[in-house]
Amino acid sequence: MRALFVGGVIDNNELDLDGHEPPKHYPPQTGSGQSRYRLHAVGHGNGGIACAVYGAPDMEPGEILRVSDERGYARRFETELQTVE
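Computed from a prediction, not measured in an experiment: that's the story for all the values here.

S.K.: For this particular structure, what's the right way to read the overall build of the protein?
M.R.: Counting secondary structure elements, the protein contains two helices and six strands. Mapped from its N terminus to its C terminus, the protein presents α and β elements in the order β-β-β-β-β-α-α-β. Its C-alpha atoms give the protein a radius of gyration of 12 Å, near enough to 12 Å, the size a compact globule of 85 residues would have. For the C-alpha atoms alone, the extent of the protein along its principal axes is close to 35 × 25 × 25 Å. A sequence separation of at least 24 residues applies to 51% of the contacts in the protein between residues at least 6 apart. For the protein, the exposed area adds up to about 5,400 Å²; of that, 43% sits on carbon and sulfur atoms. Averaging the locations of the 8 positively and 13 negatively charged side chains of the protein gives two centres separated by 3 Å.

S.K.: What is the right way to read the nonpolar core from this model?
M.R.: In a soluble, globular protein the nonpolar side chains are often hidden away together inside. Met 1, Ala 3, Phe 5, Leu 17, Tyr 37, Leu 39, Val 42, Ile 49, Ala 52, Tyr 54 and Ala 56 form the largest nonpolar core, which has eleven residues in total. Breaking this core down by element, the ones donating at least two residues are strand S1 (2-6), strand S4 (37-45) and strand S5 (48-55). Discounting chain neighbours no more than four positions away, the residues touching Ala 3 are Asn 13, Glu 14, Leu 15, Leu 17, Ala 52 and Tyr 54. Core analysis: the next-biggest nonpolar cluster, separate from the first, contains eight residues, Val 6, Ala 41, Val 53 and Tyr 73 among them.

S.K.: Even after reading the chapter, I still don't get the confidence of the model for the protein, so can you show me in this structure?
M.R.: Do not read the predicted coordinates in detail wherever pLDDT is low. On average, residues of the protein score 92 in pLDDT, and 93% of them reach the 70 mark or higher. Considering each helix and strand of the protein separately, the mean pLDDT is smallest for strand S3 (residues 25-26), with a value of 90, and largest for S1, with 97.

S.K.: I'm lost on the pattern of salt bridges in this one. Help?
M.R.: Two side chains carrying opposite charge are able to pair once their charged atoms lie near each other. Applying the stated rule across the entire model yields six salt bridges. The shortest N-O distance in the salt bridge between Glu 14 and Arg 2 comes to 2.8 Å. One end of the pair, Glu 14, is in strand S2 (residues 14-16); the other, Arg 2, is in strand S1, with twelve residues separating them in the sequence. Owing to a relative accessible area of 29%, Glu 14 belongs among the partly exposed residues under this scheme. Here Arg 71 ties to Asp 11 by a salt bridge, and the two come within 2.8 Å at their closest N and O atoms. Taken together, the positions of Arg 71 in the loop between helix H1 (61-70) and helix H2 (73-76) and Asp 11 in the loop between S1 and S2 put the pair 60 residues apart, joining distant regions of the chain. For Arg 71, a relative accessible area of 27% puts it in the partly exposed group. When its relative accessible area of 34% is taken as the criterion, Asp 11 is described as partly exposed.

S.K.: Honestly, the pairing of S1 in this entry has me stumped. Any pointers?
M.R.: Regular strands show a simple pattern: their side chains alternate between the two faces of the sheet. For S1, a buried count of four out of five residues is recorded, marking the element as mostly surrounded by other parts of the structure. Pairing of S1 with S2, which is carried by three bridges, proceeds in the antiparallel orientation. Within the sheet, the bridge partner assigned to Arg 2 lies in S2 and is Asp 16. The pairing of S1 with S5 spans five bridges and is classified as parallel. In the sheet register, Phe 5 faces S5, and the bridge partner there is Tyr 54.

Reading the values: rules and limits
For every chain, the first residue of the written sequence is number 1, and numbering continues from 1 onward in sequence order. Two thresholds apply to this predicted model, a pLDDT of at least 70 for residue-level local features and 80 or more for giving and counting side-chain atom pairs, whereas whole-chain, interface and lining totals are computed over all residues. Side-chain figures throughout are based on the complete set of non-hydrogen atoms in the structure, without hydrogens or water. Helical segments are the DSSP runs of H or I of at least four residues, strand segments are the runs of E of at least two, and each set is numbered from the N terminus. Here the radius of gyration uses the C-alpha set of atoms, whereas the globule reference equals 2.2 Å times the residue count to the power 0.38. Here a residue-residue contact requires only that any non-hydrogen atoms of the pair lie within 4.5 Å. Only the protein chains shown count as cover for residues, and the accessible areas themselves come from Shrake-Rupley with a 1.4 Å probe. The charge count treats Lys and Arg as positive and Asp and Glu as negative. His and the chain ends do not count. Charged groups are reduced to one reference atom each: NZ for lysine, CZ for arginine, CG for aspartic acid, CD for glutamic acid. Working definition of a nonpolar core: buried Ala, Val, Leu, Ile, Met, Phe, Trp, Tyr and Cys residues. They are joined through side-chain atoms within 4.5 Å. The cut-offs for exposure are 20% and 50% of the maximum accessible area for each residue type, with area from a 1.4 Å probe on protein chains only; residues under the lower value are buried, those over the upper are exposed, and the others partly exposed. On a range of 0 to 100, pLDDT expresses the predictor's confidence in each residue. Any carboxyl oxygen of Asp or Glu within 4 Å of a side-chain nitrogen of Lys or Arg constitutes a salt bridge here. Pairs of strands are assigned from DSSP output, requiring at least two bridges between the strands.

Rendered as structure tokens:
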């Protein structure tokens, strides 16, 4: 699956994630107490999760979804993004 990032120092970057489920935070375990990117939405496709949208800790969830829509993440992966609680 592809991790897509909105906001913060790695805004508009992406990387491949291994596994069947995306971690709730990225990086998953820092041990440093630093704020991490939080999972906000996933897009299912090809029998699993095609993409995962992560947002910077200082951004509102609505803004993260607006930016991901503007960037066409769902269209790019031919899926509909589903928000994660």
